[in-house]
Amino acid sequence: MSDTIMDQDSAGDVRMGTLEVRLAQSSAEVDSAQALRYRVFYEEMTANPSPEMAAQRRDFDAFDAHCDHLLVIDHARGSGPEAVVGTYRLIRRPMAERAGRFYSSSEYDITPLVSLPGEVLELGRSCVDAAYRTRGSMQLLWRGIAAYVFHHRIELMFGCASLPGNDVQALAQPLSYLYHHHLAPPALRPVALPGLRVDMRLMEPDAIDAKRALNDLPPLIKGYLRLGGFVGDGAVIDPQFNTTDVCVVVKTDQVTDKYFKHYERRSRDGSGA
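An account of the accompanying structure is given in this report. (Residues numbered from 1 in each chain as written. Predicted model: local features only at pLDDT ≥ 70, side-chain atom pairs only at ≥ 80, totals over all residues. Heavy atoms only, no water.)

## Comments concerning the pattern of salt bridges
Here is step 1: In this structure the tally under the stated criterion is 17 salt bridges.
Here is step 2: Measuring nitrogen to oxygen at the nearest pair gives 3.7 Å for the salt bridge that ties Glu20 to Arg22. Across the pair, Arg22 and Glu20 agree in class, each one buried.
Here is step 3: Put simply, Arg37 and Asp59 hold a salt bridge, and the shortest N to O gap is 2.8 Å. Residue Arg37 is found in helix α2 (residues 27–44), and its partner Asp59 is found in the loop between α3 (51–56) and β3 (68–74); the two are separated by 22 residues along the sequence. Take Arg37 and Asp59: they sit in the same class, and that class is buried.
Here is step 4: Within the structure, one salt-bridge network assembled from shared partners comprises Arg37, Asp59, Asp61, Asp64, Arg89 and Arg125. (Salt bridge = Lys/Arg side-chain N within 4 Å of Asp/Glu carboxyl O. Buried < 20%, exposed > 50% of the residue type's maximum accessible area, 1.4 Å probe, protein only. Helix = DSSP H or I, 4+ residues; strand = E, 2+ residues; numbered from the N terminus.)

Okay, here's the thing in structure tokens:
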């Protein structure tokens, strides 16, 4: 677990009713996040667990020990594993150095991103309990990310985001839409690794129904686009998770969400770390 924890001052009062968003503060809370990830990814979304994961009913890998785990906790559910109802895995540059690399580098050449001089943040392993997939819960999760971004002065966020299934032709419309309308500029463009890259240009621009393509995108990717996000060149099929991945890039100076503005103002006024 990371030795850098977002404390109460840097997090602010990130609460809504019985829900709280904050970083995991113990190995037991990380274990609760891994349990939630297993329920969502492997039981609900039918990903393929390793024998060790299936035996423990946990989603885990070598990166978990080196990163921060953002949690949404419902205190109405008590204090056990069932109280963790949302999670995001956050990896900054020092953490990636300890882990040996960023997670996304197994699918994409992210050299343009990691070559930037400022702090960068990789987002991943995002999931929310089915009963909590509401606008309010997602806003709360993004408030936590906003606090983290301004606390650590993150200049750019990136990570692999998934579309369901491995049938690229069935995803031709949303993939083509992303390529033609949201391709990252060359200076910020991750490129899928040779041997893994699937061309996203499956339809010509004039053949795309933009409204339908947007409707077909998962809510998480649509959220990144609303924050001014871009995608890299090429998709990657992930057979373990039964998904087709794209690499999303978001410059924090393009973020207009009111919570990012709120935490920027707190930092400027000295009322937040």
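## Re unusual backbone geometry
Here is step 1: One non-glycine residue, Thr46, adopts positive backbone phi at about 55°.
Here is step 2: Note that Thr46 resides in the loop between α2 and α3.
Here is step 3: A positive phi angle, close to 55°, is found at Arg153, a residue other than glycine.
Here is step 4: Examined against the element boundaries, Arg153 turns out to sit in the loop between α6 (135–151) and β7 (154–164).

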